[in-house]
Amino acid sequence: MKKYLAYFIVSFRSFSTYKADFLVGIIFNLVYFFIYFSLWKAIYSSSGNALIGTYTLASTITYYFIITLIFRLDISGKIWLGSDVWDGYFTNDLVKPWNAIAVHTLITLSDLAIEIMLYLPFAAIIFMFAFNYILLPTFAMFIFFLITLILGIFLNFTINFCIQALTFHFGDQEGNTNLINYIISFFAGGIFPLAFLPENLRNIFMSLPFRYLFDFPANVFLGKISVSEIWIGWAQMLIWGLIFALVFKFIYSTGLKKYTGTGR
Amino acid sequence: MIFRYIKINLVLFKNSLIRDSQIPGHIVSSILFRVLELVVSLVFFKVIFTNTPDLAGWNYYQVLFLYAFARIIMIVHNAWLKRGVQSMATDLIRKGEFDFYLAKPVDPMVMVSIRRPRIYNFLSLLFLIPLAFYAAAKTGIPIGFDNIFWFLFVGIIAFLLYYFLTVLVISPAFWFVRLWSISEIMDRMNTFMRYPVGIFPEAIKITLMIVFPVMTVSYIPAQTLFYPPNPVWILFIITVTALFGLITRLVWLAGQRNYNSASS
């Protein structure tokens, strides 16, 4: 356990050396919030409607405020398992006295930790900018939201490990990883609330596990989901997470047998 | 002089064709990604225009054209110059590989830009150009020959402006050890190019039309196609392009003087 803690601290320090890199990335990712803020303000004002789906302008803006935060927790661009397998560097992790997957999880978590720490001041800036449009949850809902976020990170890990482990079997997955993650963010409500979709399309999206990554946590924050539905949602997140973990275990264990460590 | 660059460029295109043909899976996933991105954007625009008849006075098909035109500029840049320009932030400076381009009897800025084309990315134009034609035809706005002539003229100028902006954004790489995130800045800023300028607040409008004129790149050509060509706008884009060409060149040369070839 001690060695993993040490590994986490070293990774954290290593990432924090390049703060400017993180900051530039965070600042320019905020662009999305301001674009959607302007866009939805224009849509609500020109349509004359106070409601789109079940969303007021304030709940739509709050939705994007939360989505901007969740994108910072998105690990799809922070896991290096696939590229390490493809480059052959994964051999280093295999020969050392530790669990290779635990190490990859820790390095990704340290990346997340520094990103979230650096993001918080910017979240405060957004909040001050859009203060009139951001709805705050009750304390209880905020706690529910935090738990949902943690479960979402777990689900995100299992999904992304599955995608990355495909490298063992099919070679470089960089292009496919981007493609799959783009699809996932669309299905998850990372581009707009799923409630804005036509009913038949929405029903399909709501039956998929991906909505738990963006749409579900944002709606918990907005208080649009009842406590009983939240419990059911958490149970489903755990079940889906376990399913993806089992799929990953299968892809990984069969992949290890094929792994030659030669790299490209 | 110009023929030398054309010749080099053709050789690099041929090289890209051979190199990328070795990884057909990557080409397929890259094209699939573009198609999917297009589908997602179309769904998003449908969601928007289900709720409003227009965006800042632009109807659905005008906005669709604006989107398609902005994507065409990005795709041409992506297929031809993006990878080379991006490599300044990720590899060339940090590893000291920029030396090779300084030693060659060609302009380093041009050479670096054209060094890694991804020729198969041009295939995305097969979807975008018909979409642009379709959207322009469906707007219901009469488009005369003068509109088409000035649109093409301004469109070429806009592409040059876009190129200068991408190089300018990457130039801090000369001064920082690791700043990979700057290679992604233009990807974030590109989102502004997809919507009519009128939806944004005055401060953003002025900033992104003059200070960092990324919105000028798509908006002025599209405006020139749909409305009587405005000499003021045409003169504006020519002036801004010339100015940013000059600034980019000066910053690049200053960066080149600062470059000390130390690799890490």
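Note that this is a predicted model, so its numbers are computed, not measured.

Parameters and conventions
- Residues numbered from 1 in each chain as written.
- Chains lettered and ligands numbered in written order.
- Predicted model: local features only at pLDDT ≥ 70, side-chain atom pairs only at ≥ 80, totals over all residues.
- Heavy atoms only, no water.
- pLDDT = per-residue confidence, 0-100.
- Helix = DSSP H or I, 4+ residues; strand = E, 2+ residues; numbered from the N terminus.
- Contact = heavy atoms within 4.5 Å.
- Core = buried A, V, L, I, M, F, W, Y, C linked by side-chain atoms within 4.5 Å.
- Buried < 20%, exposed > 50% of the residue type's maximum accessible area, 1.4 Å probe, protein only.
- Salt bridge = Lys/Arg side-chain N within 4 Å of Asp/Glu carboxyl O.
- Buried area = accessible area lost by both parts, 1.4 Å probe.
- Polar contact = N/O pair within 3.5 Å; in protein donor to acceptor, adjacent residues only side chain to side chain.

Draft legend 1. Region of the structure containing the confidence of the model for chain B. Overall, the predicted model of chain B reaches an average pLDDT of 91, with 98% of residues at or above 70. At the level of individual helices and strands, chain B shows its lowest average pLDDT in helix α8 (residues 185-189) of chain B, which scores 85, and its highest in helix α10 (residues 214-226) of chain B, which scores 97.

Draft legend 2. Main features of the environment of A222 of chain B. Residues and elements named next belong to chain B. Tracing the backbone through its elements, the reader meets A222 in helix α10. Here the alpha-carbon distance between A222 and A254, two residues 32 residues apart in the chain, equals 35 Å. Those residues in contact with A222 that lie beyond four places of it in its chain are W58, F65 and L66.

Draft legend 3. Geometry of the nonpolar core. Counting residues in each nonpolar core, the largest one holds 177 residues, and the members touching the most others are W40 and F192 of chain A together with F44, F65, F192 and V214 of chain B. By residue number, the principal contributor to this core is helix α3 (residues 60-92) of chain B, which donates 18 residues. Setting aside chain neighbours within four positions, we find F65 of chain B in contact with A132, A135, A136, F151, A222, L225 and F226 of chain B.

Draft legend 4. Looking closely at the pattern of salt bridges. In this structure the tally under the stated criterion is nine salt bridges over all chains. K78 of chain A is the partner of E115 of chain A in a salt bridge, and the nearest nitrogen-oxygen pair spans 3.6 Å. Of this pair, E115 of chain A sits in helix α7 (residues 100-129) while K78 of chain A is found in the loop between α4 (57-73) and α5 (81-87), placing the two residues 37 residues apart along the sequence. Between K95 of chain B and D91 of chain B there is a salt bridge, with the nearest N and O atoms lying 3.3 Å from each other.

Draft legend 5. Structural context of the interface of chain A and chain B. Counting from both sides, the interface comprises 33 residues of chain A and, opposite them, 32 residues of chain B. Together, the buried faces of chain A and chain B total about 3,000 Å²; carbon and sulfur atoms form 76% of this surface. The largest contributions to the chain A side of the interface with chain B come from D21, I35 and Y182 of chain A, which together make up 20% of the buried area. For the pair chain A and chain B, the interface holds zero salt bridges. The interface formed by chain A and chain B contains two residue pairs in polar contact (both at pLDDT 80 or more). At the level of elements, α2 (19-29), α3 (31-47) and α9 (174-187) of chain A are the ones that each hand at least two residues to the side of chain A that touches chain B. Per-element accounting of the side of chain A that touches chain B gives the leading share, twelve residues, to α3 of chain A.

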